[in-house]
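Secondary and tertiary structure notes
Below, each chain spelled out in residue letters.
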Amino acid sequence: MEETLTKTNTIIEEIVTGMKSTPKQLPSKYFYDEKGSQLFDEITRLEEYYPTRTERKILESNLEDMADKLGANVELIEPGSGSSEKTRILLDRMDSIKCYVPIDISGDYLFKVADQLREEYPNIDIEPLATDYTRPFELPDTHPDARRIVFFPGSTIGNFKLNTVQRFFSVIADIVGKKGGVLIGVDLKKDIEILEAAYNDSKGITAAFNKNLLIHLNRKIGADFNPDLFEHKALWVEERGRIEMRLYAKTTHQVKIDDHTFTVEKGEYIHTENSHKYTLEEFSGIVSPWFDVQQVWTDTNKLFSVQYLVPRI
Ligand SMILES: C[S@@+](CC[C@H](N)C(=O)[O-])C[C@H]1O[C@@H](n2cnc3c(N)ncnc32)[C@H](O)[C@@H]1O
């Protein structure tokens, strides 16, 4: 009980800090309650949203090559595993995977997915971990001899700011050790029209996903955001090399969070997510303090890449 209270207070602090900044911002990890995870799955099936189908195709077309790189006796660790849909492509075809550790902040959804996976893959040890992977966490120690491979698809790395990317790779380098590796999906720079359409879909699913952040926070910390008073918009910000998801206020109004009251002016926005896009050169520069890019697989249109990173020793 006390622990839950401390946790709630930590989240309130995080949200209040974000609402006090200019522009206002809210952490994207709170998109994901069960509804948010379902909406994200819907996004991945949208016509405009090229990343998921492109990454799947790259994985499916290069599985043997990837299995060679990953080697034998693998413990596969996936931070932010969601529905584990793409992971199934690996679990289906790579006998070398002995253990799978899906990690997700959305605990209910994670355990539901883990139960399904246990049925589908009785020979693989499934060890779900419900935690926030941006905070320190301990991995299960059930396969001490396995090679630890971190699987990080979906270009989730693009959601991190530069300083968090660096902290993330330093933690991952410790996790995988000298004999491990990282299989990572990285979205590439491309035409602005393709990028903006992917995050402003015509069915409004991304808008619902963006606003679900507010609904989730209302439930989680007792805030009183009115999602109907906001409008979703995603736009490419050239100088930062990223798509920014924003919620624009339609009218001036107030939002209460704990004992704080915030005024949101008409036309003001709350920044909710970044999706950085990289060139291959930019990305290899970012990981270079910890990892070498050993192999890059892309699609014919060079929209997306899957990369295998090995620790620099
Ligand atoms: C965009 S989905 C990606 C799912 C999957 N890896 C893929 O590529 O299809 C992101 C997932 O990461 C989880 N997530 C986001 N931030 C997280 C955090 N800080 N700690 C743990 N899980 C997180 C969300 O709950 C969600 O299921």
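See the structure shown above.
Given the structure is predicted, the values throughout are model-derived calculations rather than measurements.

A count of helices and strands for the protein chain gives 10 helices and 14 strands. In terms of overall size, the protein chain behaves like a compact globule, its C-alpha atoms giving a radius of gyration of 20 Å where 313 residues would be expected to give roughly 20 Å. For the protein chain, the spread of C-alpha atoms along the three principal axes comes to 60 × 50 × 35 Å. Counting every position in the protein chain, which comprises 313 residues, the buried fraction comes to 37%. Here the contacts in the protein chain between residues at least 6 apart in sequence split such that 69% fall between residues at least 24 apart.

The next point concerns the site of the ligand. The full set close to the ligand counts 19 residues, and Tyr32, Gly80, Gly82, Ile105 and Gly154 are the nearest of them. Residue classes in the shell around the ligand are distributed as six nonpolar, eight polar and five charged. Counting contributing residues, the shell around the ligand receives three or more from each of domain 1 (2–47 + 193–276) and domain 2 (62–190 + 278–311).

What follows deals with helix 3 (residues 50–61). For helix 3, spanning 12 residues, the distance from its first C-alpha to its last is 17 Å, which sits close to the expected 16 Å at 1.5 Å a residue. Buried residues of helix 3: Pro51, Thr52, Thr54, Glu55, Ile58 and Leu59, and no others. Each element contacted by the buried residues of helix 3 is listed here: helix 2 (34–44), helix 4 (63–70), helix 5 (85–93), strand 7 (181–187), strand 13 (291–298) and strand 14 (304–311).

Right, let's get into the nonpolar core. One finds Leu76, Ile149, Val150, Phe151, Val182, Leu183 and Ile184 to be the most contacted residues of the largest nonpolar core, which totals 43 residues. The biggest single contributor to this core is helix 6 (residues 107–120), with five residues. Residue contacts for Val150: discarding those within four places in its chain leaves Ile77, Ile172, Ile175, Val176 and Val182. In this structure, Tyr30, Phe31, Phe209 and Phe230 belong to the second largest nonpolar core, which totals 21 residues.

Another aspect to go through is the environment of Lys57. With respect to the helices and strands, the residue Lys57 is situated in helix 3. Given 13 C-beta atoms within 10 Å, Lys57 falls into the partly exposed group. Each C-alpha atom of the pair Lys57 and Asp299 lies 7.8 Å from the other, and the pair is 242 residues apart in sequence.

Rules behind the numbers
- Residues numbered from 1 in each chain as written.
- Predicted model: local features only at pLDDT ≥ 70, side-chain atom pairs only at ≥ 80, totals over all residues.
- Helix = DSSP H or I, 4+ residues; strand = E, 2+ residues; numbered from the N terminus.
- Rg over C-alpha atoms; globule rule 2.2 N^0.38 Å.
- Buried ≥ 20, exposed ≤ 12 C-beta atoms within 10 Å, placed from the backbone.
- Contact = placed C-beta atoms within 7 Å.
- Near = placed C-beta within 6 Å.
- Nonpolar A, V, L, I, M, F, W, Y, C, P; charged D, E, K, R; others polar.
- Domains from an automatic or database assignment.
- Expected span 1.5 Å × (residues − 1).
- Core = buried A, V, L, I, M, F, W, Y, C linked by C-beta atoms within 7 Å.

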